[in-house]
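# Residue-level structural notes
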Amino acid sequence: MTVKSVGLDDPDQGLSDDILDHCDVLIWWGHERHDAVTDAHVNAILQRLKEGRLGFVALHSAHWSKPFIAA
């Protein structure tokens, strides 16, 4: 298992196409700053979810995250 931790302050909010393309399961932890996630990144996550290329686990307060709401 390989684990990579990223955050909104990382380049591309830690959600670049390269990172998402090499991710099997995205574990999302969020408490604040949900609105800071760009719509483009939400759409990239949602597209991969719908295509079956990405799993999504929402943790602590992630029920208010933009990817969770969009899914």
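Every value quoted in this text rests on a predicted model; they were computed, and no experiment measured them. Starting afresh in each chain, residues are numbered from 1 along the sequence in its written order. Confidence filtering applies because this is a predicted model: local features only for residues at pLDDT of at least 70, side-chain atom pairs given and counted only at 80 or more, and all residues used for totals across whole chains, interfaces and linings. In computing side-chain values, all of the structure's heavy atoms are included and hydrogens and water are not.

Our next topic: the layout of surface pockets. If you roll a probe as big as a water molecule over the atoms, it shows you where there is empty space left. Both cavities and pockets are sets of points on a 1 Å grid over the protein atoms alone; in a cavity a 1.4 Å probe fits but cannot get out, in a pocket the set is open with protein on both sides within 12 Å along at least five of seven lines, and lining residues sit with an atom within 4 Å of a point. Grid points are joined across faces, edges and corners, and a volume is the space filled by probe spheres set on the points. Here the largest pocket is characterised by a volume of approximately 830 Å³. Lining the largest pocket are 27 residues, with K4, S5, V6, L26 and I27 positioned closest to its centre. Think of it this way: any DSSP run of H or I at least four residues long counts as a helix, any run of E at least two long counts as a strand, and we number them from the N terminus. Listed by contribution, the elements that provide at least two residues to the lining of the largest pocket are α1 (17-21) and β1 (25-28). Only Asp, Glu, Lys and Arg are considered charged in this grouping, and only Ala, Val, Leu, Ile, Met, Phe, Trp, Tyr, Cys and Pro are considered nonpolar; every other residue, Gly among them, is considered polar. Here the lining of the largest pocket is composed, by residue class, of 14 nonpolar, 9 polar and 4 charged.

Once that is clear, we can look at helix α2 (residues 39-51). Spanning 13 residues, α2 covers 18 Å between terminal C-alpha atoms, matching the ideal 18 Å at 1.5 Å per step. Burial classes: relative accessible area under 20% of the type maximum marks a residue as buried, over 50% as exposed, and values in between as partly exposed (1.4 Å probe, protein chains only). Every buried residue of α2 is listed here: H41, V42, A44, I45, L46 and R48. Tucked into the core, α2 has its buried residues touching α1, β1, β2 (55-58) and α3 (66-70). Of the residues one or two after α2, G52 is the one with positive phi, at around 80 degrees. By this rule the span expected of a helix is its residue count minus one, scaled by 1.5 Å. The contact criterion used throughout is that any non-hydrogen atoms of two residues lie within 4.5 Å.

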